[in-house]
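The lines below spell out each chain.
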Amino acid sequence: MSNHLLPANATALEKSAAEATARVSDVPTPLRDLWNPDNCPTELLPWLAWSLGVAAWKPYWSERIKRERIRQAVEIHRRRGTAQSVRRVVESFGAGVAIREWWQTEPKGTPHTFELVLTVRADNNAAELQDDIIQEVHRVKPVRSHFTLIAGIAAEGGIGTYAAARPILYRRLQTEE
């Protein structure tokens, strides 16, 4: 019989079960790769996201966004209800963000409000994901706070060989719960 930890008085059934399952420990299990968002196989990403508490998961997100959402999940949960968690959520979608809270505006705004200035590059699909970003911001922002979203698209273009234009377009959206 193979090397096992059964006592001398083990039944035939217990010995047979031990022999049948002896090879299971020989199967390689790459746990470090499975728990790493960079190395986890694509088909297992939804399960990794679920285990780390990623609340929203959309099949149309790019693989890059899915992996970044998983990578940021622990920090977002750790700082939930703060400006830092809002910043990490937006950045996990590949967008730039600036947050101005009510006390940082001139004149001072309504207490417990903030402006979220969302800037996406023209080559980034974060503009198409704006509804998903807003839902995630609602999920992690302080519960008593309300925000105004200012969405912008940063585009680069060349004119001739020496000049370049970087127009930024902004659109203000009022969000209410």
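Anyway, here's the lowdown on the structure attached to this text. Quick caveat: nothing in here was measured; it's all calculated off a predicted structure. (Residues numbered from 1 in each chain as written. Predicted model: local features only at pLDDT ≥ 70, side-chain atom pairs only at ≥ 80, totals over all residues. Heavy atoms only, no water.)

### Some points on helix α4 (residues 63-78)
For step 1, the next point in the chain: For α4, with 16 residues, the first-to-last C-alpha span of 24 Å sits near the 22 Å given by 1.5 Å per residue.
For step 2, the next point in the chain: The largest bend in α4 comes to about 45°, at Gln72.
For step 3, the next point in the chain: Ile65, Lys66, Arg67, Glu68, Arg69, Ile70, Gln72, Ala73, Glu75 and Ile76 are the residues of α4 that are buried.
For step 4, the next point in the chain: Structurally, α4 contributes buried residues whose contacts are with α3 (45-51), α5 (83-92) and α6 (130-140). (Helix = DSSP H or I, 4+ residues; strand = E, 2+ residues; numbered from the N terminus. Expected span 1.5 Å × (residues − 1). Bend = angle between axes of the 7 residues up to and from the residue. Buried < 20%, exposed > 50% of the residue type's maximum accessible area, 1.4 Å probe, protein only. Contact = heavy atoms within 4.5 Å.)

### Considerations on a nonpolar patch on the surface
For step 1, the next point in the chain: Taken together, the side chains of Leu44, Trp47 and Trp50 present a nonpolar region at the surface, about 420 Å² in accessible area.
For step 2, the next point in the chain: As for its position among the elements, Trp47 is in helix α3. (Patch = residues over 30% accessible without salt bridge, like charges linked within 9 Å, V, L, I, M, F, W, Y side chains within 5 Å. Areas by Shrake-Rupley, 256 points an atom, 1.4 Å probe, with all protein chains shown as cover. Salt bridge = Lys/Arg side-chain N within 4 Å of Asp/Glu carboxyl O.)

### A look at the pattern of salt bridges
For step 1, the next point in the chain: Inspection of every chain in the model, using the stated rule, returns eight salt bridges.
For step 2, the next point in the chain: With a shortest N-O distance of 2.2 Å, Arg100 and Glu115 are connected by a salt bridge. Of the two residues, Arg100 is situated in strand β1 (residues 96-101) and Glu115 in strand β2 (residues 113-121); the sequence distance between them amounts to 15 residues.
For step 3, the next point in the chain: Through salt bridges with shared partners, one network takes in Asp38, Glu68 and Arg71.

### Quick look at the nonpolar core
For step 1, the next point in the chain: If you look at the biggest cluster of nonpolar residues, it comprises 22 residues, and the most contacted ones within it are Val90, Phe93, Leu116, Leu118, Val137 and Phe147.
For step 2, the next point in the chain: If you list the elements that add at least two residues to this core, you get α4, α5, β1, β2, α6 and β3 (146-154).
For step 3, the next point in the chain: In terms of nonpolar packing, the next biggest core, distinct from the first, is built from seven residues, Leu45, Leu48, Ala49 and Ala73 among them. (Core = buried A, V, L, I, M, F, W, Y, C linked by side-chain atoms within 4.5 Å.)

### As for unusual backbone geometry
For step 1, the next point in the chain: The residue after Glu106, namely Pro107, is reached through a cis peptide bond having omega 0°.
For step 2, the next point in the chain: Structurally, the position occupied by Pro107 is in the loop between β1 and β2.
For step 3, the next point in the chain: Positive phi is not limited to glycine here, since His112 has a value of about 65°.
For step 4, the next point in the chain: As for its placement among the helices and strands, His112 is situated in the loop between β1 and β2.

From the geometry alone we can't say anything about function, so treat these as descriptive.
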